Amino acid sequence: MSQDQEMVDAVPGAEVDGSEVGEPVREKQRIRVLVAQLPGSTDTAASFEFEKEDHTLGNALRYIIMKNPDVEFCGYSIPHPSEARMNLRIQTWDDVNVYDVLEKGLNDLMDLCDVVVDKFTISRDEFNATNPESEIRA
Amino acid sequence: MAPSQEELERRRIVGVHAEHVDNVSSTDFPHHYLGEDHSWDVDHFRNKLQVKFHKNKPFESVFSLVGIDAAVANAFRRILLAELPTLAIEDVFVFNNTSIIQDEVLCHRLGLIPLTGSLEGLRWMRWYKKPPPADDPAAQAAARASGEEFDSAASVPSDNNTVVMDLNVKCEWAPDGQKLAKQGERDPEKLYVNSSVYARQFQFVPQGNQEKYFAEPGQIRPVNPDVLIAKLRPGQEISLRCHCVKGIGADHAKFSPVATASYRLLPSITIKEPILGQDAKKFARCFPKGVIELVDDEATGEKKAVVKDTMKDTVSRECLRHDEFKDKVALGRYRDHFIFSVESTGQFESDALFLESVKALKAKCQRFKRNLADLMR
């Protein structure tokens, strides 16, 4: 920016629901097709490309999908470090659909997050109750 | 066919040896062990997961997560470092800077100052999307090619995406400064006014609704008022205006909400054969204080080394360098016991940040579930 700009008040209605905490993309219209099917896929073996994702989601998703007994193989890779994309390969046994497996993986990972939040909150509140000095806040 | 307790313990421990580590990979997957079911089960996970707090201060939280895989624990750590949004100085408009610190160096320093303010207000703030520079056709083409919809409202600074802070400092002689100087006084604090510029001298300039959201005492301010920004001498002046926006650590480290967020695995020390007498004393000295305890051994009447608190161990492997110990002890780390240490920079509290990281991972899943549904349509 080469020059100073005047501040203007927010456009009414521009405020979107900020309930999705921590998600970098908040605008409603920003949902793009991020999961792209790579060629050579069948119902029981496919690779998915996740844009703007890395080891954070890749490894966690790989772990939870590998926990599914219908899955023969699951692995992820980041083909090139300077391209922000992550590939996930899933191969399943018999007549299990890879899309269902991926969806179950996402669901399971969400359930896992809920459990961690619950347990963490309980443990923290107990700790704070027994250690009053921790209650002192900045 | 359930595995024995001994076998389960063996699987839990990553072996640490003098020159190598072994048993590094998780094996808790279906089809890995014959007759064992390791498929995902939320209830089993809930029963197995333990969270133990060791320390909970706003600037540092230490806690153990037990019963979780490295893939997931690492996701939380990575999100803490790089994906949780915070407010930081992004654009600086320098009106006057006659100090000896160059404009660009000064601006870089300003960006790194951790800011804080009302949490409600920070949550209310939206992203500011920087438009590509008008004189850079390549950047404009890249922005168009990225296929992202251009939201013009997010590219205009407004009260819900930009916070304005002013810094106007001028150094002058103190009223009796020249006299003191003649008397040989050298201390700049006594000779001059504003010889040092501190972060506390920033002035928050609320815009629009910010009056309400960042009302006292929740005004935007540096976490630490004593951050030294620059030094001045009489006649020198810094006059600038900063625009602070929300961003994430992946874009620039100044947006990272944590100073560090890391984990280590709980060390395990197994004494396979009794270590007695003088050897026991020497053995205890191979570890940090408090790791090994000496107790009276009833069988021999000598002092015996027993493991007291492995949490304090650093896994230096010193004991493996001594021939008398190397076959009597097995070192390792618990594969599923993560001791997290989260140190916030002060914008949010450390424990709250961890919860945010878990929620952020969930939000990622939700987003891709929506995308997957679109793909299937």
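Positions within a chain are numbered from 1, following the residues in the order the chain's sequence is written. Chain labels run from A onward and ligand labels from 1 onward, assigned in the order the entries are written. Residues qualify for local features only when their pLDDT is at least 70, as the model is predicted, and side-chain atom pairs are given and counted only at 80 or more; totals for whole chains, interfaces and linings, by contrast, use all residues. Hydrogen atoms and water are omitted, and side-chain values are computed over all heavy atoms in the structure.

The name that an unreviewed UniProt entry assigns to chain B is DNA-directed RNA polymerase core subunit rpc40, with the source organism given as Zalaria obscura.

Taking an unreviewed UniProt entry as the reference, chain A is identified by name as RNA polymerase subunit AC19 belonging to Zalaria obscura.

Another aspect to go through is the environment of S256 of chain B. Residue and element names in this part refer to chain B. Residue position: S256 is located in the loop between β14 (237–247) and β15 (258–271). Dropping the residues within four chain positions of it, S256 is found in contact with L80, L81, T86, G249 and T345. Within 3.5 Å is the distance limit for a polar contact, defined as a pair of N or O atoms, with the added protein rule that one can donate a hydrogen and the other accept it, and that residues adjacent in sequence qualify only through two side-chain atoms. In terms of polar contacts, S256 uses its side chain to reach the backbone carbonyl oxygen of L81, at 2.7 Å. By the criteria applied, helices consist of DSSP H or I runs no shorter than four residues and strands consist of E runs no shorter than two, each listed in order from the N terminus. Residues are treated as being in contact if the distance between any of their heavy atoms lies within 4.5 Å.

Take the pairing of strand β4 (residues 85–92) of chain A next. Consecutive side chains along a regular strand alternate between the two faces of the sheet. All names here are of chain A. Two strands make a pair as long as DSSP finds a minimum of two bridges between them. Examined bridge by bridge, strand β2 (residues 45–51) and β4 share 7 bridges and lie antiparallel to one another. If you follow E51 over to β4, its bridge partner there is R85. For strand β3 (residues 71–77) and β4, the ladder comprises 6 bridges, and the chain directions are antiparallel. Across the sheet, G75 pairs through a bridge with R89, a residue of β4.

Moving on, we get to the packing of aromatic side chains. Where two aromatic rings form a pair, the distance of their centres and the angle of their planes describe that pair. When the centres of two rings from Phe, Tyr and Trp lie within 6.5 Å, Trp using its six-membered ring, the rings pair. Their planes under 30 degrees apart give stacked, over 60 give edge-to-face, and anything left gives tilted. Applying the stated criterion across every chain yields a total of 20 aromatic pairs over all chains. The interplanar angle of 45 degrees and the centroid separation of 5.2 Å between the aromatic rings of W40 of chain B and F45 of chain B together place this pair among those described as tilted. Accessible area is worked out with a 1.4 Å probe on protein chains only. A residue is then buried under 20% of its type maximum, exposed over 50%, and partly exposed in between. Since its relative accessible area comes to 5%, F45 of chain B is described here as buried. Pairwise contacts between aromatic rings join F120 and F127 of chain A together with F53, F63, F76, Y263, F338, F340 and F354 of chain B into one cluster. The cationic tip of R11 of chain B hangs over the ring face of Y33 of chain B; the distance from NZ or CZ to the ring centre is 3.4 Å. Over the aromatic face of Y198 of chain B sits the side chain of R200 of chain B, whose NZ or CZ is 4.6 Å from the ring centroid. By definition here, charges over rings are those cases where NZ of Lys or CZ of Arg is within 6 Å of the ring centre and within 35 degrees of the ring normal.

Another aspect to go through is the pattern of salt bridges. Just to be clear on terms, a salt bridge is a Lys or Arg side-chain nitrogen sitting within 4 Å of an Asp or Glu carboxyl oxygen. According to the stated counting rule, one finds 26 salt bridges over all chains in the structure shown. Its salt-bridge partner being D114 of chain A, residue K362 of chain B comes within 3.0 Å of it at the nearest N-O pair. With K362 of chain B in helix α12 (residues 350–376) and D114 of chain A in helix α2 (residues 98–130), this residue pair bridges two chains. On the accessibility criterion, K362 of chain B (22% relative accessible area) is partly exposed. For D114 of chain A, a relative accessible area of 32% corresponds to the partly exposed category.

For the rest of this paragraph, the subject is the sheet that holds strand β7 (residues 163–170) of chain B. Residue and element names in this part refer to chain B. Overall, antiparallel pairing links the 4 strands, which are arranged β5-β14-β7-β11 in an open sheet. With one partner strand each, in any of the chains shown, β5 (86–97) and β11 (203–205) form the two edges of the open sheet. Shown here is a sheet whose adjacent strand axes are inclined to one another by a mean of 25 degrees, direction ignored. Examined bridge by bridge, β7 and β14 share 8 bridges and lie antiparallel to one another. Note on β14: the bridge partner recorded for K170 is E237. Running over the sheet, helix α4 (residues 103–111) touches β5 and β14 and is turned about 155 degrees from β5. Inter-axis angles, ranging from 0 to 180 degrees, are taken between N-to-C directions of lines fitted to C-alpha atoms, where helices are fitted over the stretch in contact.

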